[in-house]
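A structural walkthrough
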2 protein chains.
Amino acid sequence: MSSSAPTPAYRRLSVEERRSQLLAAALSLFAHRAPEEVSLDDVAEAAGVSRPLVYRYFPGGKQQLYEAALRSAAEELQQCFDEPREGPLMPRLGRALDRYLTFVDEHDAGFSALLQGGSVVETSRTTAIVDGVRRAAAEHILSHLQVTAPGLRLRMTVKVWITAVEAASLLWLDEGKQIPVDELRDWLVDQFVAVLSVTGARDPGTAALVRALTEDG
Amino acid sequence: MSSSAPTPAYRRLSVEERRSQLLAAALSLFAHRAPEEVSLDDVAEAAGVSRPLVYRYFPGGKQQLYEAALRSAAEELQQCFDEPREGPLMPRLGRALDRYLTFVDEHDAGFSALLQGGSVVETSRTTAIVDGVRRAAAEHILSHLQVTAPGLRLRMTVKVWITAVEAASLLWLDEGKQIPVDELRDWLVDQFVAVLSVTGARDPGTAALVRALTEDG
């Protein structure tokens, strides 16, 4: 090795590449451990760099890294919701849920820590990121249902169901992933139709939607 | 007024009474404002005492007062679940929900701040208090259903429904309490039967319960 290039790894990557690499290391650590159990040294070690280098890219330390990793995970999660607007509606919801549950499976400890609350890294910013994902999920569902001006009761039903999906995912993780993921998906799809029907019994707009859904096949 | 009793209010109350009075003042402030918007001075003023006196009782300041108020609110909320074990099951659930929703209505801003997360006063202790209430709610429901050894799917269904009740309550507050509270209660009771039926389609134990429930009323 020539002494003029003692730390080739530090030189090889552009600023953007290095940032991405640190973020990927952070994300894989935060995915499988509670944030309390991840240190900046762990991130540096996982990325094969020094702790000062991590600080150069993330001067806010662990909190900044956590938020950046969460933002990146939120983008990945939102991509789960992308589904072509063709074919029967319930299989579309089933496919989106499949991708969502795969994400949950692959980010288990981080997902639990994030949604269970009370974590040291939880701030109004992290809450806003999570709320953004929930909002995107609701918008996707309403757009697939081809509802442009949803009434209050329909909006509430969709949002409450999204919370139910999160709660079921957390319990599924808590219980050691005992239930087969296909069963969990079908259970959640059937719950969607069931709660929509309950709302439809009180709300004519939702009732029309339920008829369209069940005739849809 | 005699100069020998310049601050009668400070003498009149026992230590326990004073503590209760400060707690009641804190609870009424935390019920209607986000914790960020309540200061120790506000609590002192509401209780008609000095700030140092508040500190004497709650040396941990606002955080300690918040947690004590939350503990007291959690006890009050758990009392909502007490319901005699007689008569048809669904009306029992309806009455417990009525009391729960009255509590939500009377603690609106505090309830929202607590459950929306990301608050400065949120800690693993406050999360544990909230989880304790959820656990108590699930135990009450299963005991009314006379299930002593609930299977995983039934437990998940009950817990997910409890989360749905919380989510619906939050949305109800967010949307300015537009939906009549009786409609909200009936909607949640009907959702309970609906999601239980969805689980019953996969789980024989739950199916037997659903039959008993629908024959009951």
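Here, residues in each chain are numbered from 1, in the same order as that chain's written sequence. Numbering of ligands from 1 and lettering of chains from A proceed in the order in which they are written. Reporting in this predicted model follows two pLDDT cut-offs: at least 70 for local features of residues, and 80 or more for side-chain atom pairs to be given and counted; totals over whole chains, interfaces and linings ignore these cut-offs and use all residues. In computing side-chain properties, one takes all heavy atoms of the structure into account and sets aside hydrogens as well as water.

**Some thoughts on the nonpolar core**
The term nonpolar core refers to a set of buried residues drawn from Ala, Val, Leu, Ile, Met, Phe, Trp, Tyr and Cys, joined through side-chain atoms within 4.5 Å. With a 1.4 Å probe rolled over the protein chains alone, any residue whose accessible area is under 20% of its type maximum counts as buried; one over 50% counts as exposed, and the rest are partly exposed. W161(A), F192(A), W161(B) and F192(B) are the most contacted members of the largest nonpolar core, which totals 150 residues. When neighbours within four sequence positions are excluded, F192(A) is seen to be in contact with M90(A), L93(A), I141(A), L145(A), V158(A), W161(A) and L213(A). It only takes one pair of heavy atoms within 4.5 Å for two residues to be counted as in contact.

**Describing unusual backbone geometry**
You will see that K177(A), though not glycine, has its phi angle at about 55°, which is positive. In this structure, K177(A) sits in the loop between α9 (152-174) and α10 (181-200). Runs of H or I in DSSP of at least four residues are treated as helices and runs of E of at least two as strands, each being numbered from the N terminus.

**A short note on the UniProt feature "domain: HTH tetR-type" (unreviewed entry) in chain A**
Here, the residues flagged by UniProt with the feature "domain: HTH tetR-type" (unreviewed entry) are residues 16-76 of chain A. Note that residues 16-76 of chain A is 79% helix and 0% strand, and that its end C-alpha atoms are spaced 19 Å apart. UniProt positions are given in the numbering used here, feature names are shortened, and annotations may be inferred rather than shown by experiment.

**Things to note about the interface of chain B and chain A**
Counting residues at the interface gives 35 residues for chain B and 35 residues for chain A. Buried area: the accessible surface (1.4 Å probe) lost by two parts on joining, summed over both. Of the roughly 3100 Å² buried where chain B meets chain A, counting both sides, 68% is carbon and sulfur surface. When residues of chain B are sorted by the area they lose upon contact with chain A, M156(B), W187(B) and R202(B) head the list and together hold 21% of the total. Take a side-chain nitrogen of Lys or Arg and a carboxyl oxygen of Asp or Glu: if they are within 4 Å of each other, that pair is a salt bridge. At the boundary of chain B and chain A, one finds 6 salt bridges. Close ionic contact of R202(B) with D190(A) constitutes a salt bridge, the shortest N to O distance being 2.6 Å. Identification of polar contacts relies on pairs of N or O atoms within 3.5 Å, with a donor-acceptor requirement for protein atoms, meaning one able to donate a hydrogen and the other able to accept it, and with residues adjacent in sequence counted only if both atoms are side-chain atoms. Counting the contacts that link chain B with chain A gives 10 residue pairs in polar contact (both at pLDDT 80 or more). Mapped by element, the contributors of at least two residues to the side of chain B that touches chain A are α8 (124-144), α9 (152-174) and α10 (181-200) of chain B.

**Some remarks on the UniProt feature "DNA-binding region" (unreviewed entry) in chain A**
The feature "DNA-binding region" (unreviewed entry), as given by UniProt, occupies residues 39-58 of chain A in the numbering adopted here. Secondary structure over residues 39-58 of chain A splits into 75% helix and 0% strand, and the C-alpha atoms at its two ends are 13 Å apart.

**Remarks on the pattern of salt bridges**
Evaluation of the coordinates by the stated rule reveals 32 salt bridges over all chains. Notably, a salt bridge pairs E166(B) with R134(B), separated by 2.7 Å at the nearest N-O pair. Pair noted here: E166(B) is in helix α9 and R134(B) is in helix α8, with a separation of 32 residues, a long-range link. Given a relative accessible area of 11%, E166(B) falls into the buried group. Looking at R134(B), the relative accessible area reads 28%, which means it is partly exposed. Linked through salt bridges whose partners overlap, the residues forming this network are D98(A), D182(A), R185(A) and D186(A).

**Side note on the domain arrangement of chain A**
How big an interface is tends to be reported as the loss of accessible area on association of its parts. Residues and elements named next belong to chain A. Domain start and stop points were drawn from an automatic or database domain assignment. According to the domain assignment, chain A consists of domain 1 (9-63) and domain 2 (81-216). Computed from C-alpha atoms alone, the centre-to-centre distance between domain 1 and domain 2 is 32 Å. On the side of domain 2, 11 residues touch domain 1, which itself brings 9 residues to the contact. In total, domain 1 and domain 2 occlude about 760 Å² of area from one another, counting both sides; carbon and sulfur atoms represent 59% of this. For the pair domain 1 and domain 2, the number of links is 5 residue pairs in polar contact (both at pLDDT 80 or more). Broken down by secondary-structure element, the contributors of at least two residues to the side of domain 1 that touches domain 2 are α2 (15-32) and α5 (61-80). No other element matches the 3 residues that α2 contributes to the side of domain 1 that touches domain 2. Residues of the side of domain 1 that touches domain 2, tallied by class, amount to 4 nonpolar, 2 polar and 3 charged. Residues were grouped as follows: Ala, Val, Leu, Ile, Met, Phe, Trp, Tyr, Cys and Pro as nonpolar; Asp, Glu, Lys and Arg as charged; and all remaining residues, including Gly, as polar.

**Let's talk about the packing of aromatic side chains**
Residue and element names in this part refer to chain B. We call Phe, Tyr and Trp rings a pair once their centres come within 6.5 Å, taking the six-membered ring for Trp, and we label the pair stacked below 30 degrees between planes, edge-to-face above 60, and tilted otherwise. Summed over the entire model, instances satisfying the criterion amount to 6 aromatic pairs over all chains. When the ring of W161 is compared with that of F192, the centres are 4.8 Å apart and the planes differ by 65°; the resulting orientation is edge-to-face. Of the two residues, W161 sits in helix α9 while F192 sits in helix α10, which places them 31 residues apart along the sequence. Of the residues examined, F192 reaches a relative accessible area of 2% and is grouped as buried.

**Digging into the relation of the copies chain B and chain A**
Both copies of the chain are related by one operation, a rotation about an axis with a shift along it. The least-squares superposition of copies is restricted to C-alpha atoms, and to residues with a pLDDT of at least 70 in both copies. Between the two copies, chain B and chain A, the superposition gives an RMSD of 0.0 Å; the rotation angle is 180° and the shift along the axis is 0.0 Å. What the rotation and shift describe, once combined, is the action of a two-fold rotation axis. When you check the interface residues of chain B against chain A, 100% turn up at the interface there too, and the contact is symmetric in its surfaces.

**Regarding helix α11 (residues 204-216) of chain B**
Residues and elements named next belong to chain B. With 13 residues, α11 extends 18 Å from end C-alpha to end C-alpha; this agrees with the ideal 18 Å at 1.5 Å per step. When α11 is considered as a whole, its buried residues turn out to be T206, A207, L209, V210 and L213. Seen along its axis, α11 keeps its buried residues to an arc of 160°; they face one direction. Across α11 from its buried face, at more than 90 degrees, point the exposed residues P204 and E215. Those residues of α11 hidden inside the fold are in contact with α6 (89-106), α9 and α10. Every helix has an expected span of 1.5 Å times one less than the residues it contains. The directions considered for the arc are those from the helix axis to the C-beta atoms.

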